[in-house]
Amino acid sequence: MSPQATQTMRLVFLGPPGAGKGTQAKVLEDRFAVRQISTGDILRANVKSGTPLGLEAKSFMDAGQLVPDDVIIRMMRGELAGGESFILDGFPRTIAQAQALDETLASLSLPLTAVIMFEADRDTLIARLTGRWTNPRTGRTYHAVFNPPKVAGIDDEDGGPLEQRRDDTRDVVVERLGEYDAKTAPLIEYYRKTGLLVSVDGLEPIDSVTSAVLSAIDGPAKARP
Ligand code: AMP
């Protein structure tokens, strides 16, 4: 049985940049009453409007490095209080962030229902990220070769211009993947111990990954009503 539109889901999407977390989060957000909380999108919006948070985060983001834990944890506390169902896309990215998330969710009595690990090999990630075009207004992404928009440089949905993210250049991508290996990959073991971790193959076509995510959600979500 696939999840109902009203089913509560509190998910962490884990995996390296370019593995398809944001794409799948948007598919689920469109289909179910679930909010995508993307730390990357929130940070980029803050950089764009020049808030103190954006100014603090910008240099780290441009260099492909993680923004310090205290900044991210402060930012996320407010976001999490807002709802029953959510998909965390790009958070947590360190053990300290995962521990802070556990504490916050425990205090709100909102336990996670599943952690989805998106698997992908390094060469594919580099190819995906360096060919990626993003709608800066919605965060929706395309790929010049693998998932092109109908008209080059234009978003299919809102008809506005697409941009290449500053941190999707090759050098910065390599730095981001290094940060993932050093600081985020240890979360796989952290979440494996909770019994909530399920892996999906991020290299499959978008629809197949969605099906895999939905069956993954059904498993742990059922076990923890
Ligand atoms: P993303 O859009 O998820 O690839 O994130 C873009 C950039 O935002 C990352 O390379 C980091 O600089 C920063 N960032 C996003 N989420 C986090 C996080 N949970 N912890 C630290 N930095 C983050």
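Before reading on, note that the structure itself is shown above.
Residues numbered from 1 in each chain as written. Predicted model: local features only at pLDDT ≥ 70, side-chain atom pairs only at ≥ 80, totals over all residues. Heavy atoms only, no water.

### Things to note about the overall build of the protein chain
In terms of helices and strands, the protein chain carries nine helices and seven strands. Against the globule reference of 17 Å for 225 residues, the protein chain gives a C-alpha radius of gyration of 17 Å, in line with a compact fold. Once the C-alpha set of the protein chain is aligned to its principal axes, its extents read approximately 45 × 40 × 30 Å. Evaluated residue by residue, the protein chain yields a buried proportion of 48% over its 225 residues. Put simply, of all contacts in the protein chain between residues at least 6 apart along the chain, 71% involve residues at least 24 apart. Counting only carbon and sulfur atoms, one obtains 55% of the accessible surface of the protein chain, whose full area is about 10700 Å². Averaging the coordinates of the 26 positive side-chain charges in the protein chain and doing the same for the 31 negative ones gives two points 1 Å apart. (Helix = DSSP H or I, 4+ residues; strand = E, 2+ residues; numbered from the N terminus. Rg over C-alpha atoms; globule rule 2.2 N^0.38 Å. Buried < 20%, exposed > 50% of the residue type's maximum accessible area, 1.4 Å probe, protein only. Contact = heavy atoms within 4.5 Å. Areas by Shrake-Rupley, 256 points an atom, 1.4 Å probe, with all protein chains shown as cover. Lys, Arg positive; Asp, Glu negative; His and termini not counted. Charge placed at Lys NZ, Arg CZ, Asp CG, Glu CD.)

### A closer look at the site of the ligand
Taken together, 16 residues form the shell around the ligand, and within it Thr39, Arg44, Gln65, Gly90 and Gln97 come nearest. At a separation of 2.9 Å, an oxygen atom of the ligand approaches a polar side-chain atom of arginine 44. Protein contact buries 95% of the 480 Å² of open area that the ligand shows by itself. Among the elements that make up the shell around the ligand, the one with the highest residue count is helix 2 (residues 39-49) (four residues). When grouped by side-chain class, the residues that make up the shell around the ligand number six nonpolar, five polar and five charged. (Near = heavy atom within 4 Å. Polar contact = N/O pair within 3.5 Å; in protein donor to acceptor, adjacent residues only side chain to side chain. Nonpolar A, V, L, I, M, F, W, Y, C, P; charged D, E, K, R; others polar.)

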